[in-house]
Amino acid sequence: MAVAIRQAQPEDITELVELINGFAARNLMLPRTPEAVLKTLPDWLVAVERDTGGGETLLGCGALVALTPELAEVRSLAVHERGQGKGVGSIVVEHLVALAKAREFSQVCALTLREEFFQRLGFEIVDRWSISPKVWQECIYCPKFHRCDEVAVMKYLTVRRPEESSGGKPVAANPLLKWQAWQPLKLAYSYKPIHLDGES
Ligand SMILES: CC(C)(COP(=O)(O)OP(=O)(O)OC[C@H]1O[C@@H](n2cnc3c(N)ncnc32)[C@H](O)[C@@H]1OP(=O)(O)O)[C@@H](O)C(=O)NCCC(=O)NCCS
């Protein structure tokens, strides 16, 4: 299966909302409206299957929401049932994490019922109350508000100093330090660019 990850386009919205709201009807995630998706479109990635004729079938989606200048949340992660269990969800999360790094966040969190899925991708379970209260802003819309069973997971984004790149320990980016303050060191870090508009 040739899967590509790209930024969501206005023409994806109808299908994307249908996918999310199908799972929302089963209480697996929160519903979204086309208007809400359109407003935040640059924050959405879609996974598509490309056929040889250049056509695309939408397989999945996910969004990155800024909660604070340091912390972003992976939200609205969904993969069509026919595409599940083949690594598509993992690729979407990896690209959202790459997007978070590109936007200079130092932490990415998620609220999930699939904590093992996120752990496999380098997230760790954290005390849900240790996360910014902004993560709970949407919870009032959740039918499970009074019996929340979601687990909070967090990934600390790291950078490597040159002397540590040969097997040294990664250094957690200091969430208190703005990236601009690191400018003199910026060139010293090694980057692995990820292209969101092509196949990874
Ligand atoms: C959660 C969800 C996004 C995962 O998407 P997915 O495409 O199935 O995810 P992946 O295929 O990358 O991983 C799923 C499992 O398949 C396994 N897997 C990954 N690639 C595989 C492959 N090539 N062959 C076989 N299994 C594979 C993974 O090990 C993973 O196992 P784990 O869940 O125990 O970690 C999807 O199940 C979904 O949309 N669920 C309904 C909506 C929902 O709950 N959204 C909220 C998520 S927080």
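As a reminder, the structure under discussion sits directly above these lines.
Every value quoted in this text rests on a predicted model; they were computed, and no experiment measured them.

Participant: Please clarify how the side chain of R32 should be interpreted in this entry.
Facilitator: Examined against the element boundaries, R32 turns out to sit in the loop between α1 (13–24) and α2 (34–39). At a separation of 2.9 Å, a polar atom in the side chain of R32 contacts the side chain of S76.

Participant: In this structure, what is going on with the site of the ligand? I would like to understand it.
Facilitator: Residues in close proximity to the ligand total 19 residues, the closest being V79, G87, G89, S90 and R114. It is helix α4 (residues 115–120) that provides the largest number of residues to the shell around the ligand, a total of four residues.

Participant: It is not clear to me how the packing of aromatic side chains should be interpreted in this structure. Could you clarify?
Facilitator: Two aromatic rings are characterised by how far apart their centres lie and by the angle between their planes. Counted according to the given criterion, the structure contains two aromatic pairs. Geometrically, the ring pair formed by F117 and F118 is edge-to-face, given 5.3 Å between the ring centres and 90° between the ring planes. Taken as a pair, F117 and F118 share a single burial class, namely buried. Residues F118 and F123 carry aromatic rings whose centres are separated by 5.1 Å and whose planes lie at 80° to one another, so their mutual orientation is edge-to-face. Here F118 and F123 have matching classes, each one buried. Of the aromatic side chains, those joined through ring pairs into one cluster are F117, F118 and F123.

About the criteria used
- Residues numbered from 1 in each chain as written.
- Predicted model: local features only at pLDDT ≥ 70, side-chain atom pairs only at ≥ 80, totals over all residues.
- Heavy atoms only, no water.
- Helix = DSSP H or I, 4+ residues; strand = E, 2+ residues; numbered from the N terminus.
- Polar contact = N/O pair within 3.5 Å; in protein donor to acceptor, adjacent residues only side chain to side chain.
- Near = heavy atom within 4 Å.
- Phe/Tyr/Trp six-rings, centres within 6.5 Å; stacked < 30°, edge-to-face > 60°.
- Buried < 20%, exposed > 50% of the residue type's maximum accessible area, 1.4 Å probe, protein only.

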